[in-house]
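# Working through the structure, step by step
What follows is the residue order along each chain.
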Amino acid sequence: MSPDEARRRPPTAQQFVLGELRRAITTGRLRPGTPIRQDALAEELQVSRVPLREALKTLEGEGLVTYKAHKGYCVATLSLDDLREVYRIRELLEEEAVRRAVDRLTDADLDRLEAAQAEVEQAAAAGDVLAMATANRLFHMTLFECAGMPRLARLIRTLWDTTDAYRSMYYGDAGNRERVIKEHRATLDALRRRAADEAVATLDVHRAHAVAELESLLTPAT
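Residues numbered from 1 in each chain as written. Predicted model: local features only at pLDDT ≥ 70, side-chain atom pairs only at ≥ 80, totals over all residues. Heavy atoms only, no water.

- The name an unreviewed UniProt entry assigns to the protein chain is GntR family transcriptional regulator, from the organism Nonomuraea turkmeniaca.

Spelled out as structure tokens, the structure:
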């Protein structure tokens, strides 16, 4: 285990494994469809099979990995129809969350969004896919939580979880990173003015760009 891993290791082995697996999936080290070799992974992370199995069960519940008898676990894959469905449901739920949030936004909330956006831009400049995915998620979830509807926020987080394995594909491109920054800035501008319709429209475009890019990546070559 590296010194960096030791410093960030959570209190329990299961939490540690869960974090490392999420990191591997989000950064694209474990890509969609990749088998998860439990023996090799347990040895790499220096843990027993028990916390590894528990972590995999958690990720299965989140839709990040799937299990097949006689084959074991692998990173979940999405069809084009799955992807479109997830993003369509997100569109419906996130519009409600944004409209509710705009009515409740405080200056402190805007400061937290600005701080999250600063992290997005720092990670984008460094080309750090994991850090950008983490900061991007913080930016959006901070906004959704301002709606004051925790069940709605949980539903949205679950939908985000199902596409985590594909985020590295999108953020791996410098043009996409730049586009995300511009769209976030436009969203922040609308939020500062409490312009709900504009914020919703900007985020609709934001999602549409991600869907279009991922569709091109997922469409089989002819």
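And the narrative resumes.
## As for the pattern of salt bridges
- For the structure shown, the criterion picks out 23 salt bridges.
- Where E94 meets R207, a salt bridge forms, and the shortest distance between an N and an O atom there is 2.7 Å. Residue E94 is found in helix 5 (residues 80–104), and its partner R207 is found in helix 11 (residues 196–218); the two are separated by 113 residues along the sequence. Neither residue differs from the other here; E94 and R207 are each classed as buried.
- R185 serves as the salt-bridge partner of E121, at 2.7 Å between the closest nitrogen and oxygen. Here the residue E121 occupies a position in helix 6 (residues 107–126), and R185 occupies one in helix 10 (residues 174–192), the gap between them amounting to 64 residues.
- For E121, a relative accessible area of 22% puts it in the partly exposed group. (Salt bridge = Lys/Arg side-chain N within 4 Å of Asp/Glu carboxyl O. Helix = DSSP H or I, 4+ residues; strand = E, 2+ residues; numbered from the N terminus. Buried < 20%, exposed > 50% of the residue type's maximum accessible area, 1.4 Å probe, protein only.)

## Let's talk about helix 3 (residues 38–45)
- Those residues of helix 3 lying buried are Q38, L41, A42 and L45. Summarising the axial view, the buried residues of helix 3 lie within an arc of 100°, below the 170-degree limit, and thus occupy one face. The exposed set on the far side of helix 3, more than 90 degrees from its buried face, consists of D39 and E43.
- Along its buried surface, helix 3 packs onto helix 2 (13–27), helix 4 (49–62) and strand 2 (72–75). (Arc of directions from axis to C-beta. Contact = heavy atoms within 4.5 Å.)

## Concerning the domain arrangement of the protein chain
- In terms of domain boundaries, the protein chain breaks down into domain 1 (5–75) and domain 2 (80–218).
- The C-alpha-based centres of domain 1 and domain 2 are spaced at 26 Å.
- Facing 11 residues of domain 1, the contacting portion of domain 2 comprises 11 residues.
- Interface of domain 1 and domain 2: buried area, both sides summed, is about 940 Å²; carbon and sulfur atoms make up 65% of it.
- Connecting domain 1 to domain 2 are 0 salt bridges.
- At the boundary of domain 1 with domain 2, the tally comes to 0 residue pairs in polar contact (both at pLDDT 80 or more). (Domains from an automatic or database assignment. Buried area = accessible area lost by both parts, 1.4 Å probe. Polar contact = N/O pair within 3.5 Å; in protein donor to acceptor, adjacent residues only side chain to side chain.)

## Section: the pairing of strand 2
- Direction of pairing for strand 1 (residues 65–68) relative to strand 2: antiparallel, over a ladder of 4 bridges. Looking at the pairing, K68 lines up with G72 of strand 2.
- In sequence, strand 1 turns back onto strand 2 through a hairpin of 3 residues, with H70 there showing a positive phi of about 70°. (Pairing = 2+ DSSP bridges.)

## Notes on the side chain of R177
- Along the chain, R177 turns up in helix 10.
- Only 2.8 Å separates the side chain of R177 from the backbone oxygen of Y171, close enough to count as a polar contact.
- In this structure R177 touches A124, G127, M132, Y171 and G172, once residues within four positions along its chain are discounted.

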